[in-house]
Protein chains: 2
Amino acid sequence: MDYQIFETKERLLADNAAAAAQTRARTRQSGALLVNLMGSPGAGKTSTLLQLIRLLGDKYTVGVMEADVDSDVDAKTIAHTGTRVIQLHTAGLCHMDADMTARGLDAMGIEGLDIIFLENIGNLVCPAEFEVGADIRMMLLSVPEGDDKPLKYPLMFTVSDVLLINKIDTVPIFDFDLDKARARVKALNESMEIFPVSAKTGEGFAAVAALLREKIEQRRALR
Amino acid sequence: MDYQIFETKERLLADNAAAAAQTRARTRQSGALLVNLMGSPGAGKTSTLLQLIRLLGDKYTVGVMEADVDSDVDAKTIAHTGTRVIQLHTAGLCHMDADMTARGLDAMGIEGLDIIFLENIGNLVCPAEFEVGADIRMMLLSVPEGDDKPLKYPLMFTVSDVLLINKIDTVPIFDFDLDKARARVKALNESMEIFPVSAKTGEGFAAVAALLREKIEQRRALR
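Residues numbered from 1 in each chain as written. Chains lettered and ligands numbered in written order. Predicted model: local features only at pLDDT ≥ 70, side-chain atom pairs only at ≥ 80, totals over all residues.

Participant: Please set out the nonpolar core residue by residue, giving values where relevant.
Facilitator: Most often, soluble globular proteins keep nonpolar side chains buried together rather than apart. Val35, Ile115 and Leu118 of chain A together with Val35, Ile115 and Leu118 of chain B are the most contacted members of the largest nonpolar core, which has 120 residues in total. Those residues within four positions of Ile115 of chain B in sequence are excluded, and the remaining contacts are Ala32, Leu33, Val35, Leu56, Tyr60, Val62, Leu212 and Ile216 of chain B. (Core = buried A, V, L, I, M, F, W, Y, C linked by C-beta atoms within 7 Å. Buried ≥ 20, exposed ≤ 12 C-beta atoms within 10 Å, placed from the backbone. Contact = placed C-beta atoms within 7 Å.)

And the structure:
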């Protein structure tokens, strides 16, 4: 018996890559930098955004897209800072894809923005597979999650550009070996830039903000 | 233009439910209780299993299926206790489904087992959608993740039977309101049994083990 095999996932990822390329062209043209922020539930993504808004908001115009399966709690938190923000509901879906991201950019409006953060769904698996057209893939690993996460969720650590190791103030109470974590990350992704931070105390965020400022200026120079 | 709409996801979930029903019949017949353990990356699923093996292993025969995207670190940890264990690799997939679970049970062998734990992929979204044929859906929420997680990942809290709030020893250093967490969980799932525990210190696990003992004895009585 003869039959056709249709690789639905390959096709899906190819369509996704095409949509991501369109988003990249669009943000480049408007002069905005798009950052895809990923991490486990409770790793501290929203608190990280609050720190970065505090450090970048004086000089640059920031936009935030809060993706969530449900609820508006994160968008509310960001809105309190006066930042342009939109809440995206995935209605059960476990990641943002390029098409949903493009629609989010449409709905929020990107004119005048220097940097746009997409806070992805809290998940270390699926968001790693779906590029959204971001210029920087920034991931969070929090100390309480453990230093073995690169072994267990390797793709996320492989596709990201920047890693923030958050809740670094809690290292003394958790069995987290920073050197071991670094070595495991570097084995997967030699060029990963790693920043130990605490979104609670603000520790380490000056360096992250400096990196983003540099990238924003590079993008502006292209405009 | 006329065309057919094929609801691939509905069909997938219907097939999954059928496979789950088969697994339920099979474990009932063999006299084993199947527990689907779910939670975020780093919530403490493997450490929880170590506590439960310690408390149940003297009287009952325990089996463990360790599902992971990659790596064998968890199976190695469990194997050190002398427990029957198998490592399942999902090769990128973000959850276990009923078919993969059934194959895992085949490969491990369930004869003689009183209780089988499936440690699902660390993920609060997708595993909630795919029943595996478990008798008990046990989920972990760890204190560092925050008390707002029921608002953000409601399905997982809705479909679970038992919730362990882990790392309870760290409440003093995180902004985690146990009463708020409880109220948010109960609003989604009134019958959820909630146990504050620490897989590090062992606190709270006697009550969890007592519940499981009761369920194992009920299952044995049906044999």
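Participant: Account for the relation of the copies chain B and chain A, naming residues and giving values.
Facilitator: The transformation that overlays chain B on chain A combines an axial shift of 0.0 Å with a rotation of 180°, and the residual RMSD is 0.0 Å. A rotation of that kind, with that shift, is consistent with a two-fold axis. Relative to the rotation axis, the closest C-alpha in chain B is found at Asn123 of chain B, a distance of 3.0 Å. A share of 100% of interface residues in chain B that are also interface residues in chain A marks the association as one of identical surfaces. (Least-squares fit on C-alpha atoms with pLDDT ≥ 70 in both.)

Participant: Any details on the sheet that holds strand 2 (residues 62-68) of chain B? Residues and values, ideally.
Facilitator: Where strands meet in a sheet, backbone hydrogen bonds hold them as pairs that are either parallel or antiparallel. Residues and elements named next belong to chain B. Taken together, 7 strands build an open sheet; the order of strands is 3-2-4-1-5-6-7 and the sheet is parallel. Every other strand in the sheet has two partners, leaving strand 3 (84-89) and strand 7 (193-196) as the edge strands with one partner each. Taken pair by pair, the neighbouring strands of this sheet meet at an average axis angle of 20°, ignoring direction. In the sheet, strand 2 pairs with strand 4 (residues 115-119) via 5 bridges, with the strands oriented parallel. By the bridge assignment, Met65 is partnered in strand 4 with Leu118. Across the sheet, helix 2 (residues 45-56) touches strand 1 (33-39), strand 2, strand 4, strand 5 (136-142) and strand 6 (162-166), and the angle it forms with strand 4 is around 170°. Seen against the sheet, helix 4 (residues 98-108) touches strand 2, strand 3 and strand 4 and runs at an angle of roughly 140° to strand 3. (Pairing = 2+ DSSP bridges. Helix = DSSP H or I, 4+ residues; strand = E, 2+ residues; numbered from the N terminus. Axes fitted to C-alpha atoms, helices over the stretch in contact; angles between N-to-C directions.)

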